[in-house]
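# What the coordinates show
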Amino acid sequence: MRTQVVIIGAGPAGLLLSHLLDRAGVESVLVERQSPDHVAGRIRAGVLESSSVDLLTDVGLGKRIAAEGDEHRGIYLQWTDSPRAVARAVARAAARAEARAEAGAGAGAETQRHHLDFVDHVGRSVWVYGQTEVTKDLMEARQAAGQQAYYEASDVTLLDVDSERPSVTFTDSHGVPQRIEADAVAGCDGFHGPSRTAIPSASRRTWERVYPYAWLGVLADVPPSTDELIYAWHPDGFALHSMRSATVSRLYVQVPPEEDIAGWSDDRIWDALATRLGHGRNGWSLQQGPITEKAVLPMRSFVSTPMRHGRLFLAGDAAHIVPPTGAKGLNLAIADVTLLARALSAWLVDGSRTLVDSYSEDALRRVWRCTHFSWWMTSMLHTVPIEKGGDDFDRQLQLSQLRWVTSSEPGAAGLAENYAGLPIGF
Ligand SMILES: Cc1cc2nc3c(=O)[nH]c(=O)nc-3n(C[C@H](O)[C@H](O)[C@H](O)COP(=O)(O)OP(=O)(O)OC[C@H]3O[C@@H](n4cnc5c(N)ncnc54)[C@H](O)[C@@H]3O)c2cc1C
């Protein structure tokens, strides 16, 4: 079989790329390892930048976002602090056995919650609209356009990507060997897919930062206790109150990366969330409900360059991973494929190679900006355990940074500009 672009991976990057290419008159075939139900059911990111919403709306995918998404003007940044609380947390970390017995920052600690209004600072908002919903919209659009896809493909292999005739081979869901030749191959197969490693290691460079903490994330059938996301610094560790809908909350607590989830009963999770998010402080309370899903999510920053090798183009998590604190993973995937679709259609429809030649450099400019922002938010909000090198000096710097971004106009505007999202072509 022959097509113009073979796309490996039907995550948001692959699905959106095929939609954008179709609109530009470029034919593509999608090859995905999992079943459509598995792809549609994956619960991951939940915040869309304004530029992602604008893009999805421009390409006919904004109807459900407008009807069912929840527009947020900003976020809350919060910290619970007193000199005693910080000193006690350091002492507790040194004596882990006692740590669990003591709940929270204790008496004398103050919780400060500040709203950062992105619209006031930079004129842009964000939208809470789950990755599952984005995926659903994209799958429906592909189906309506009658585009070809192979789900449940195994042994996916990229061949001759640095030649004029690249191809992809795999075994389809019926066990039949397939080979697709194409003008270009788009590697949208996430961090563990085969595309990145199809670039010879001598031509690849990677940068990586593995963080000494992870998130324990839960979905709970309870209306959110907040109108917008709460990012909370706490001596016990970071917590985030996010949401999926008017009836489903998404909540996270910082835990060690090697944490065994079996040690976290629902009661223990709610206790940690209540302490770190400030239940009972300043008249705010955290509503609890049945936890329907829980998982530990490791955190890393990772960038692989270049994002193009011959006729292979990487996009999304195949080329880079960010820790979720800045809500950038899904948005970066959207930005990458927007640039890639423009580049491929300029080449395959109009015969101009200028944009494909600059694709890697163009995409990486935004990738590094988002990598920095995600690292910066993560470093500002998570406490490093003392046994992993954290100390009171770090904590004072974090608190100073939080005070600065919530009290200085340029500080707040910088956070707002990055969180609400820079233009796709940044
Ligand atoms: C558990 C989890 C939670 C997350 N939470 C957040 C969050 O809260 N906020 C946030 O901003 N981001 C979050 N992210 C990141 C965000 O979901 C990703 O950045 C986003 O999914 C990237 O889209 P993608 O299409 O590039 O990659 P993916 O969504 O990973 O899609 C890659 C696709 O390629 C397929 N594939 C893999 N290997 C093969 C193969 N050999 N052959 C064919 N197909 C293959 C996969 O099955 C998958 O469908 C989370 C990620 C994970 C894993």
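Residue numbers here run from 1 along each chain, matching the order of that chain's written sequence. The predicted nature of this model means local features are confined to residues of pLDDT at least 70 and side-chain atom pairs, given and counted, to a pLDDT of 80 or more, with totals for whole chains, interfaces and linings taken over all residues.

So, about the overall build of the protein. Each helix corresponds to a stretch of at least 4 residues labelled H or I by DSSP, and each strand to a stretch of at least 2 residues labelled E; elements are numbered beginning at the N terminus. For the protein, the count of helices and strands is 13 helices and 19 strands. When we talk radius of gyration, it's over C-alpha atoms, and the globule rule is simply 2.2 Å times the number of residues to the 0.38. In terms of C-alpha radius of gyration, the protein reaches 22 Å, essentially the compact-globule figure of 22 Å for 426 residues. Structurally, the protein occupies a C-alpha span of about 70 × 40 × 40 Å along its principal axes. Think of it as a crowd count around each C-beta: if 20 or more other C-beta atoms lie within 10 Å the residue is buried, if 12 or fewer it is exposed, and in between it is partly exposed, with C-beta placed from the backbone throughout. In the protein, buried positions account for 45% of the 426 residues.

Time to look at the site of the ligand. Among the 33 residues in the neighbourhood of the ligand, the closest are listed as Gly9, Gly11, Gly190, Gly316 and Gly329. Secondary-structure elements contributing two or more residues to the shell around the ligand are helix 1 (12–23) and helix 10 (329–348). Looking at the shell around the ligand residue by residue, the class counts come to 16 nonpolar, eleven polar and six charged. What makes a residue near a molecule or strand is its C-beta atom, placed from the backbone, lying within 6 Å of it. Three classes are used: nonpolar for Ala, Val, Leu, Ile, Met, Phe, Trp, Tyr, Cys and Pro, charged for Asp, Glu, Lys and Arg, and polar for all others, with Gly counted as polar.

Nonpolar cores are built from buried Ala, Val, Leu, Ile, Met, Phe, Trp, Tyr and Cys residues. These are joined into a set through C-beta atoms within 7 Å. Counting 109 residues, the largest nonpolar core has Leu17, Val31, Val185, Ala186, Ala315, Val337 and Leu340 as the members making the most contacts within it. Residue contributions to this core peak at twelve residues, all from helix 10. Both domains that furnish three or more residues to this core are identified here as domain 1 (2–68 + 130–207 + 301–373) and domain 2 (70–128 + 211–299 + 383–420). Note that contacts rest on C-beta atoms placed from the backbone: two residues are in contact if these are within 7 Å. When near neighbours in sequence (up to four residues on either side) are disregarded, Leu340 contacts Leu17, Ala186, Phe313, Ala315 and Tyr359. An automatic or database domain assignment supplies the residue ranges for each domain.

Now for the packing of helix 10 against helix 11 (residues 354–381). A fitted line through C-alpha atoms represents every axis, and for helices the fit uses only the stretch in contact; the resulting angles, taken between N-to-C directions, go from 0 to 180 degrees. Put simply, helix 10 and helix 11 touch, their axes get as near as 9 Å, and they point 170° apart. With respect to helix 11, the element helix 10 is oriented roughly antiparallel. In contact with Leu332, Ala335, Asp336, Leu339, Leu340, Arg342, Ala343, Leu344, Ala346 and Trp347 of helix 10, helix 11 contributes Thr354, Leu355, Val356, Tyr359, Asp362, Ala363, Arg366, Val367 and Cys370. Here is the rule for angles: anything less than 35 degrees is roughly parallel, anything more than 145 is roughly antiparallel, 65 through 115 is roughly perpendicular, and the remaining ranges are oblique.

Most of strand 5 (residues 74–81) is tucked away, with seven of its eight residues classed as buried. Strand direction decides the pairing type here: strand 5 and strand 6 (residues 110–117), joined by eight bridges, are antiparallel. Residue pairing for strand 6: Ile75 is matched across the bridge by Leu116. For strand 5 and strand 13 (residues 230–233), the ladder comprises four bridges, and the chain directions are parallel. Strand pairing requires that DSSP identify at least two bridges connecting the strands.

Another aspect to go through is the sheet that holds strand 7 (residues 126–128). Ordered by their spatial adjacency, three strands build an open sheet running 3-7-4, and the pairing between neighbours is antiparallel. With one partner strand each, in any of the chains shown, strand 3 (47–48) and strand 4 (70–72) form the two edges of the open sheet. Taken together, the three bridges between strand 4 and strand 7 define a ladder with antiparallel strand orientation. Of the residues in strand 7, the one forming a bridge with Asp70 is Val128.

Among the structural elements, Ser379 can be located in helix 11. With 314 residues separating them along the chain, Ser379 and Ile65 place their C-alpha atoms 31 Å apart.

Packing of helix 1 against helix 8 (residues 131–145) leaves a shortest axis separation of 9 Å and a crossing angle of 35°. You can see that helix 1 and helix 8 cross each other, and the crossing is left-handed. The segment helix 1 lies against helix 8, with Pro12, Leu15, Leu16, Ser18, His19 and Asp22 engaging Gln131, Val134, Thr135, Leu138, Met139, Ala141, Arg142 and Ala145. Residues that form the contact of helix 1 with helix 8 fall into these classes: eight nonpolar, four polar and two charged. For a crossing to be left-handed, the near helix must be turned anticlockwise from the far one by less than a right angle; the clockwise case is right-handed.

Right, let's get into the sheet that holds strand 19 (residues 320–321). Spatially, 6-5-13-14-15-12-16-19 is the arrangement adopted by the eight strands of the open sheet, whose pairing is mixed. The open sheet has two edge strands with one neighbour each: strand 6 and strand 19. Across the face of the sheet, helix 9 (residues 266–277) comes into contact with strand 12 (205–220), strand 13, strand 14 (239–243), strand 15 (249–255) and strand 16 (291–305) while running at roughly 85° to strand 15.

By definition here, a helix of n residues has an expected span of 1.5 Å times n minus one. When the terminal C-alpha atoms of helix 1 are compared, their 17 Å separation across twelve residues agrees well with the 16 Å that a helix rising 1.5 Å per residue should span. Along its buried surface, helix 1 packs onto strand 1 (2–8), strand 2 (28–31), helix 8, strand 11 (177–187) and helix 10.

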